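Listed here are the chains, written in short residue letters.
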Amino acid sequence: MQMPSITADFLAILALICAALALEVAHLRRSGQVIFNGGILLALGLAIICALPLLSGLPWAELANEAFDQVVATFQLLHIAYVILTL
């Protein structure tokens, strides 16, 4: 699937926001302050806003079909492992 350049830009912005958020959380944990203050909630809101165009451009039917196939394969693997272990 070809990703439009605007989606790649939003993905890069989202990655930068998440990295900044991770650094802020690490700093707040070291200083013993409350983690969910206004700045972190603002950064989280910005990350969600940046992700919305990315999420709207994804082919949800194909992703759901692939996820369902993976779930079925996982259940089959667990069933086989259960049968082997109970022999």
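Everything numeric in this text was worked out from a predicted model, so none of it was measured. (Residues numbered from 1 in each chain as written. Predicted model: local features only at pLDDT ≥ 70, side-chain atom pairs only at ≥ 80, totals over all residues. Heavy atoms only, no water.)

### Focus on the overall build of the protein chain
Okay, so step 1: Scanning the protein chain from terminus to terminus reveals 3 helices and 0 strands.
Okay, so step 2: Across the protein chain, helices and strands are ordered from the amino to the carboxyl terminus as α-α-α.
Okay, so step 3: For the protein chain, the proportion of its 87 residues judged to be buried stands at 14%.
Okay, so step 4: Accessible surface for the protein chain amounts to roughly 6900 Å². Of this, 73% is attributable to carbon and sulfur atoms. (Helix = DSSP H or I, 4+ residues; strand = E, 2+ residues; numbered from the N terminus. Buried < 20%, exposed > 50% of the residue type's maximum accessible area, 1.4 Å probe, protein only. Areas by Shrake-Rupley, 256 points an atom, 1.4 Å probe, with all protein chains shown as cover.)

### Description of the nonpolar core
Okay, so step 1: Counting 5 residues, the largest nonpolar core consists of Leu14, Ile17, Ala47, Cys50 and Ala51.
Okay, so step 2: For this core, the secondary-structure elements that each account for two or more residues are α1 (5-31) and α2 (38-56).
Okay, so step 3: The element best represented in this core is α2, accounting for 3 residues.
Okay, so step 4: Among all residues touching Ile17, those that are not within four sequence positions of it are Ala43, Leu46, Ala47 and Cys50. (Core = buried A, V, L, I, M, F, W, Y, C linked by side-chain atoms within 4.5 Å. Contact = heavy atoms within 4.5 Å.)

### Remarks on a nonpolar patch on the surface
Okay, so step 1: Residues Leu42, Leu46 and Ile49 make up a contiguous nonpolar surface patch of roughly 300 Å² in combined accessible area.
Okay, so step 2: Relative to the elements of secondary structure, Leu46 occurs in helix α2. (Patch = residues over 30% accessible without salt bridge, like charges linked within 9 Å, V, L, I, M, F, W, Y side chains within 5 Å. Salt bridge = Lys/Arg side-chain N within 4 Å of Asp/Glu carboxyl O.)

### Side note on the confidence of the model for the protein chain
One rule of thumb: low pLDDT means the predicted coordinates there are not for detailed reading.
Okay, so step 1: Summary statistics for the protein chain give a mean pLDDT of 75 and a share of 72% for residues scoring 70 or more.
Okay, so step 2: Predicted confidence in the protein chain is weakest over α2, with a mean pLDDT of 71, and strongest over helix α3 (residues 60-85), with 84. (pLDDT = per-residue confidence, 0-100.)

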